[in-house]
Amino acid sequence: MKKLTVVGMGPGEYESMTLRAVKALNTCDVIVGYTVYVDLAKPYFPDKEFLTTPMKREIERCEMAFAEAEKGRSVVMICSGDAGIYGMAGPILELAEKYPDVELGEKHPEVEIEVIPGITAALSGGAVLGAPLMHDFAVISLSDLLTPWETIENRLDAAAKTDFSICLYNPSSRKRADYLKRACEIFLRYKSSDTVCGIVKNIGRDGETKKVMTLAELKDYEADMFTTVFVGNSRTEKSVLGGQNWMVTPRGYRV
């Protein structure tokens, strides 16, 4: 059977992949992905064939995966985190449904598609910090490659206004060096400067670090694309246990 499976690898380390993800990667013929994520997978699945495309070539990557599946091969498209959260499940399904390709066959009718979830950064990073997302929360990407900054601003404003805990993906890059600062300035319209916040860098990879800080301190923090940011709600607390700083957002249990 011609099969294309979209797999979320979590943060990239083998121990953080789901059993379903590992099984799919062990039994497939070819693994397709963004160069950085393929490099993470290669040490664990060295006998597989790997195909890659660089960033901003997602549609080409999807077409490459469909082309391999059309040959009767078992194909896995990998991405970090969860396949359906800023991942590759959407482009694969959109391409199959809306962008028929003459060479591949209209809408790829004979290719079976499966989506296998993974641990997204909000969860893996949240675990490193403790329990920052114990109550209602929002996840917002600060990348404006596909979403206008004006739309991102409106979402940041709405999430802060309603006192969500907030997890920020893609907080900064060389071209967007001040985006985290701009986001924090929006948060400060509604949140105290003492609001407990945290960052986790290189989740599940070499050099993993975490830091708990205030919103005022976060505003001047230099993040990068490998940093996930957590902004607490009005009840989020900093806790010191075992010599480490933790974030805890109470849900309301009686302790």
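I will try to describe carefully the structure that is included in this document. Model, not experiment: these values are computed from the prediction.

The rules behind the values
- Residues numbered from 1 in each chain as written.
- Predicted model: local features only at pLDDT ≥ 70, side-chain atom pairs only at ≥ 80, totals over all residues.
- Heavy atoms only, no water.
- Core = buried A, V, L, I, M, F, W, Y, C linked by side-chain atoms within 4.5 Å.
- Buried < 20%, exposed > 50% of the residue type's maximum accessible area, 1.4 Å probe, protein only.
- Helix = DSSP H or I, 4+ residues; strand = E, 2+ residues; numbered from the N terminus.
- Pairing = 2+ DSSP bridges.
- Axes fitted to C-alpha atoms, helices over the stretch in contact; angles between N-to-C directions.

## So, the nonpolar core
Ranked by internal contacts, the top residues of the largest apolar core, which has 24 residues, are L142, L156, L168, F187, L218 and V231. Residue assignment for this core shows that the elements contributing at least two residues are β7 (137-141), α6 (149-161), β8 (165-169), α7 (179-187), β9 (196-201), α8 (215-219) and β11 (227-231). The element best represented in this core is α7, accounting for six residues. Counting residues in each nonpolar core, the second largest holds 19 residues, with V30, V32, F66 and A69 among its members.

## Details of the sheet that holds strand β5 (residues 111-116)
Ordered by their spatial adjacency, five strands build an open sheet running β3-β2-β4-β1-β5, and the pairing between neighbours is parallel. In this open sheet, the two edge strands, each paired with only one partner strand, are β3 (49-53) and β5. Here the strands of the sheet are splayed against their neighbours by 20 degrees on average, with no regard to which way each runs.

## What to know about helix α5 (residues 121-129)
For α5, a buried count of seven out of nine residues is recorded, marking the element as mostly surrounded by other parts of the structure. All of the buried residues along α5 are A121, A122, S124, G125, G126, V128 and L129. Directly beyond the C-terminal end of α5, a positive phi value near 125 degrees is found at G130.

## Examining the pairing of β8
For β8, a buried count of five out of five residues is recorded, marking the element as mostly surrounded by other parts of the structure. Residues of β8 alternate between two faces, with S165, C167 and Y169 on one and I166 and L168 on the opposite face, all of them buried. In this sheet, β8 lies alongside β7 in parallel orientation, the contact comprising five bridges. Within β8, the residue paired with V139 across the bridge is C167. When β8 meets β11, the two strands line up antiparallel, connected through three bridges.

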